[in-house]
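# Inside the fold
What follows is each chain in one-letter form.
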Amino acid sequence: MGMVTFVDETTSGERRDALGLEVAEERLALRELIRRRVLEEVVDGQDAGPAYERAVEAFGRNGFLVLVGDRQIEELDQQLEIRSATEVTFLKLVPLVGG
């Protein structure tokens, strides 16, 4: 079993630890990791489906990058190796004015 620590970061250098999540699998697709994070973060009683869809859509339009250690993950179905302490950074990208 591994522990994934999510970190939210912006291009301006702001960094915030989001949460830790225990993962039983040794390998997990990014899509599934995002789904589990959303499930952990939605408020009780809310449907996580729309939040998950928005997160996947944002990833698809480069709204954020995902880094595991120092490696960028570029595909939702890319398998991630989960170790005893894996840090996953969600780097929020800010669009240029008018772009």
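Residues numbered from 1 in each chain as written. Predicted model: local features only at pLDDT ≥ 70, side-chain atom pairs only at ≥ 80, totals over all residues. Heavy atoms only, no water.

### Focus on the packing of aromatic side chains
Enumeration over the complete set of coordinates arrives at 3 aromatic pairs. Measuring from centroid to centroid gives 5.8 Å for Phe 6 and Phe 90, while their planes differ by 55°, and the two rings are tilted. Of this pair, Phe 6 sits in strand 1 (residues 2–10) while Phe 90 is found in strand 7 (residues 85–92), placing the two residues 84 residues apart along the sequence. When the centroid spacing of 5.6 Å and the interplanar angle of 45° are considered together, the rings of Phe 64 and Phe 90 count as tilted. Of the two residues, Phe 64 is situated in strand 4 (residues 64–68) and Phe 90 in strand 7; the sequence distance between them amounts to 26 residues. Taken individually, Phe 64 and Phe 90 each receive the classification buried, so the pair is uniform in this respect. Note that Arg 37 overlies the ring of Phe 90, its terminal NZ or CZ placed 4.6 Å from the centroid. (Phe/Tyr/Trp six-rings, centres within 6.5 Å; stacked < 30°, edge-to-face > 60°. Helix = DSSP H or I, 4+ residues; strand = E, 2+ residues; numbered from the N terminus. Buried < 20%, exposed > 50% of the residue type's maximum accessible area, 1.4 Å probe, protein only. Lys NZ or Arg CZ within 6 Å of the ring centre and 35° of its normal.)

### Notes on the layout of surface pockets
Taken as a whole, the largest pocket spans an internal volume of roughly 480 Å³. Along the wall of the largest pocket there are 18 residues; nearest its centre are Asp 8, Arg 37, Ala 55, Phe 64 and Phe 90. Of all the secondary structure elements, the ones that give two or more residues to the lining of the largest pocket are strand 1, helix 1 (30–41), helix 2 (48–60) and strand 7. If one sorts the elements of the lining of the largest pocket by residue count, helix 1 sits on top with 4 residues. Its residues assigned to classes, the lining of the largest pocket shows 9 nonpolar, 2 polar and 7 charged. (1 Å grid on protein atoms, 1.4 Å probe; cavity = no way out; pocket = protein on both sides within 12 Å on 5 of 7 lines; lining within 4 Å. Points joined across faces, edges and corners; volume = space filled by probe spheres on them. Nonpolar A, V, L, I, M, F, W, Y, C, P; charged D, E, K, R; others polar.)

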